[in-house]
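Breakdown of the fold
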Amino acid sequence: MAEDSYYLIAYSHLPDVIKRTIQVADFLKRQPRSSVSDAVRAVGISRSAYYKYKDAAKPFHAVMQGQIVTIALTLKHHSGSLSEVLNTLAVQRANILTINQSLPLQGSATVILSIETRELRAELEETLQLLRGLDGVSQVMIVGQG
């Protein structure tokens, strides 16, 4: 395998040092005035371990920023459900490229959206969480990227 191959792995399966490296990065993001020394001390790893792994562990949404992402949503068959999804994406500055919707069966419909994520206001995962929180949305999942 190539040295620069990438894998998608669940956070729960990462080694402790990688989890702590991610925690340091999150700490620094939340508290930008803190130093790396403060962050590694708070999380409990060495500075050298942080610097060794900091560029190797990136959240999925950070890698997806600026990409085309295909999202599948299951919407309840209520008036305005799709409109709410589209408005939420517009507020988040997602560029909607395609929309495909199935006919509603048994009270729900599947909507497949392709969006360009370059100008998203929030990270992709936060945007997906906003969609999951909408009233008429039953399910949201990424089905493709490119």
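So, here is what we can say about the structure in this document. (Residues numbered from 1 in each chain as written. Predicted model: local features only at pLDDT ≥ 70, side-chain atom pairs only at ≥ 80, totals over all residues. Heavy atoms only, no water.)

1. Observations concerning the sheet that holds strand 1 (residues 68-76)
Strand order in the open sheet made by the four strands is 2-3-1-4, with antiparallel pairing throughout. Taken across any chain shown, the strands that pair with only one partner, and hence form the sheet edges, are strand 2 (95-101) and strand 4 (137-145). Going from strand to strand, the sheet's axes swing by 20° on average, the running direction of each strand aside. Packing of helix 6 (residues 124-132) onto the sheet brings it into contact with strand 1, strand 3 (108-116) and strand 4, and relative to strand 4 it is tilted by some 150°. (Pairing = 2+ DSSP bridges. Helix = DSSP H or I, 4+ residues; strand = E, 2+ residues; numbered from the N terminus. Axes fitted to C-alpha atoms, helices over the stretch in contact; angles between N-to-C directions. Contact = heavy atoms within 4.5 Å.)

2. Here's the deal with helix 5 (residues 81-91)
If you check which residues of helix 5 are buried, you get Ser81, Val85, Thr88 and Leu89. Angular distribution of buried residues about the axis of helix 5 spans 95°; they occupy a single face of the element. Buried positions along helix 5 lie against strand 1, strand 2, strand 3, helix 6 and strand 4. Two residues or fewer past helix 5, arginine 93 is found with a positive phi of approximately 65°. (Buried < 20%, exposed > 50% of the residue type's maximum accessible area, 1.4 Å probe, protein only. Arc of directions from axis to C-beta.)

3. Focus: the packing of helix 5 against helix 6
As a packed pair, helix 5 and helix 6 sit with axes 10 Å apart at the nearest point and diverge in direction by 155°. By the angle between their axes, helix 5 is roughly antiparallel relative to helix 6. Crossing of helix 5 against helix 6: the hand is right-handed. For the pair formed by helix 5 and helix 6, the contact residues are Val85, Thr88 and Leu89 on the first element and Thr127, Leu130 and Leu131 on the second. (Parallel < 35°, antiparallel > 145°, perpendicular 65-115°, else oblique. Left-handed = near helix turned anticlockwise from the far one by under 90°.)

4. Notes on the packing of helix 1 (residues 16-30) against helix 2 (residues 36-43)
Axis separation between helix 1 and helix 2 bottoms out at 9 Å; the angle between their running directions is 130°. It follows from the interaxial angle that helix 1 and helix 2 lie oblique. Like other packed secondary-structure pairs, helix 1 and helix 2 cross with a definite hand, here right-handed. Residue-level contacts link Arg20, Gln23, Val24, Phe27 and Leu28 of helix 1 to Val36, Asp38, Ala39, Val40, Ala42 and Val43 of helix 2.

5. Here we look at unusual backbone geometry
At arginine 93, a residue that is not glycine, the phi angle is positive and equals roughly 65°. Its location among the elements puts arginine 93 in the loop between helix 5 and strand 2. Overall, the relative accessible area of 42% leaves arginine 93 in the partly exposed class. Positive phi, close to 50°, is recorded for glutamine 106, a residue that is not glycine. If you trace the backbone, glutamine 106 turns up in the loop between strand 2 and strand 3.

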